[in-house]
Amino acid sequence: MRVRPADRLLVVDPQDRVLLLRFDHRSGPLAGQIYWTTPGGGLEPGESWEAVAPRELAEETGILAADLGEAVHARDFPLQMPDGSWVEAQERFFLIRVPTPQMDMNGRTAHEAEVLDRHAWWSLDDLARTTDIVHPGDLADILRPYLSAPSAPRLRPYDAARDLDRCMALWRAASEAGHPFLDAATLDADAVVVREAYMPAAEITVAERDGVVVGFLALLGDVVGGLFVDPAAHRSGAGRALIEDALRRRGRLEVEVYEANPGARAFYAACGLVETGRRDTDDHGRALPLIRMTATDGDQTCPH
């Protein structure tokens, strides 16, 4: 398979938004594919990684940049080209910060003019909320270490009329990420019970950032019935803030976590909760062991 080295450009504005271009392939082998991706393109013969980046940036956006620094990310993967051929793509990502510029599309090739139909500046929250296809799929994770630290989440009481649908969407996304041992049919059935029984019975606090709910914690007395954070907002402080708030208010917390969910167990352990028990079945009678963990106020040192 032919190797195709290429640059991808993470163009970030003063508001920590990244520039994405939308591709809409209407004909050829890629017909029907619509997705957002960063500016960038393949190296010409004899061209260096550092040389292609400013050239592609100028051609696709009209933005002029002299020094892009070192590559911040790399990935190699099979890629189908517009002519239908397959190549081994070797992509290097360069980060460049710019004032929000006026876009100039005049430098685009004929093919780019045909398939690039719009551009937009995306925040990390935009990436978390979108249902559009974005390449690469882990773009938010690539960007996050290089952007400003996120603002502290705002905590407020849950409002069922306002928050139920969003919280159920977070429950589903977090459950799929943390509980891959539960199939879709099981999650569909559990969702009904969560919506109709657990949510109305619990005292719920939501964490929101920039007006968007990114997580919630449901308490039944001093028992954490559930803590669910948008996977795109992991390690952003939302989970930590919810646990610390609940522990301050209750003085003691207890949670049961699936033994098969090591990420959640590690998070709670880092927050100062210690294992105090175990049972062999979950609340639905399934043979999925649960680990009980507890903490008292002053024990937590949550990292995220």
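Residues numbered from 1 in each chain as written. Predicted model: local features only at pLDDT ≥ 70, side-chain atom pairs only at ≥ 80, totals over all residues. Heavy atoms only, no water.

**Considering the pairing of strand β11 (residues 212–220)**
Under the convention used in this document: Burial classes: relative accessible area under 20% of the type maximum marks a residue as buried, over 50% as exposed, and values in between as partly exposed (1.4 Å probe, protein chains only). Starting at the N terminus, helices and strands are each numbered in turn, a helix being any DSSP run of H or I of at least four residues and a strand any DSSP run of E of at least two. Strand pairing requires that DSSP identify at least two bridges connecting the strands.
Most of β11 is tucked away: eight of the nine residues are buried. Note that strand β10 (residues 203–209) and β11 share seven bridges and pair antiparallel. Along β11, the bridge assignment pairs I204 with A218. Between the end of β10 and the start of β11, which pair antiparallel, lie two residues, with D210 showing a positive phi angle near 55°. As paired elements, β11 and strand β12 (residues 223–229) share six bridges and run antiparallel to each other. Bridge assignment links L219 to a residue of β12, and that residue is V224. Hairpin remark: β11 followed by β12, antiparallel, with two residues in the connecting loop; positive phi at G221, about 70°.

**What to know about helix α5 (residues 160–178)**
Owing to its 3.6 residues per turn, the α-helix brings residues three or four apart onto one side. Note the following rule: Throughout, a contact is declared for two residues whenever any of their heavy atoms are within 4.5 Å.
Taken as a whole, α5 has its buried residues at D163, L164, C167, M168, L170, W171, A174, S175 and G178. Buried residues along α5 sit against β9 (154–157), α6 (184–201), β10, β11 and β12.

**A few points about unusual backbone geometry**
Across residues other than glycine, the phi torsion is negative in most instances, and most of the peptide bonds are trans. For the bond from H135 to P136, the omega torsion is -5°, close enough to zero to count as cis. Summarising the element assignment, P136 is placed in the loop between β8 (134–135) and α4 (139–143).

**A few points about a nonpolar patch on the surface**
So the rule is basically this: Candidates for patches are residues over 30% relative accessible area with no salt bridge; among them, like charges are joined within 9 Å and nonpolar side chains (Val, Leu, Ile, Met, Phe, Trp, Tyr) within 5 Å. Per-residue and other accessible areas were derived by the Shrake-Rupley procedure at a 1.4 Å probe size, with only the shown protein chains allowed to occlude residues. Salt bridge criterion: a side-chain nitrogen from Lys or Arg within 4 Å of a carboxyl oxygen from Asp or Glu.
Together, V192, V193 and Y198 line one region of the surface with nonpolar side chains, adding up to about 230 Å² of accessible area. Relative to the assigned elements, V192 resides in helix α6. With a relative accessible area of 44%, V192 lands in the partly exposed category.

**Considerations on the environment of H119**
Assignment of secondary structure puts H119 in strand β7 (residues 116–122). Taking the relative accessible area as the measure of exposure, H119 reaches 30% and is therefore partly exposed. Between the alpha carbons of H119 and P14 there is a distance of 17 Å; along the sequence they are 105 residues apart.

**Remarks on the sheet that holds strand β15 (residues 290–296)**
To keep it simple, the criterion reads: Fitted lines through C-alpha atoms serve as axes, helices being fitted only where they are in contact, and the angles separating the N-to-C directions of these axes extend from 0 to 180 degrees.
Pairing within the open sheet is mixed, and its seven strands lie in the order β9-β10-β11-β12-β13-β15-β14. Only two strands of the sheet have a single neighbouring strand rather than two, namely β9 and β14 (274–279). Put simply, the sheet's adjacent strands are angled 30° from each other on average, direction ignored. Packing of α5 onto the sheet brings it into contact with β9, β10, β11 and β12, and relative to β11 it is tilted by some 85°.

**Quick word on the environment of S236**
Locating S236 in the fold gives a position in the loop between β12 and α7 (238–250). Counting along the chain gives 51 residues from S236 to A185, while the straight-line C-alpha distance between them is 30 Å.

**Some details on the packing of aromatic side chains**
Let me state the cut-off plainly: Ring geometry is summarised as follows: Phe, Tyr and Trp rings, the Trp one being its six-membered ring, pair when their centres sit within 6.5 Å, and such pairs are stacked at plane angles under 30 degrees, edge-to-face over 60 and tilted between the two.
For the coordinates displayed, the defined rule picks out five aromatic pairs. Residues F23 and Y35 carry aromatic rings whose centres are separated by 5.4 Å and whose planes lie at 10° to one another, so their mutual orientation is stacked. Taken as a pair, F23 in strand β2 (residues 18–24) and Y35 in strand β3 (residues 34–37) lie far apart in primary sequence, twelve residues in all. Judged by its relative accessible area of 13%, F23 falls in the buried class.

**Some points on the nonpolar core**
This is how the line gets drawn: What makes a nonpolar core is a set of buried Ala, Val, Leu, Ile, Met, Phe, Trp, Tyr and Cys residues whose side-chain atoms join them at distances within 4.5 Å.
Residues L217, V224, L227, I243 and Y268 are the most contacted members of the largest nonpolar core, which totals 24 residues. Looking at this core, the elements with two or more residues in it are β11, β12, α7, β13 (252–258), α8 (262–270) and β15. With five residues, the single largest contributor to this core is α7.

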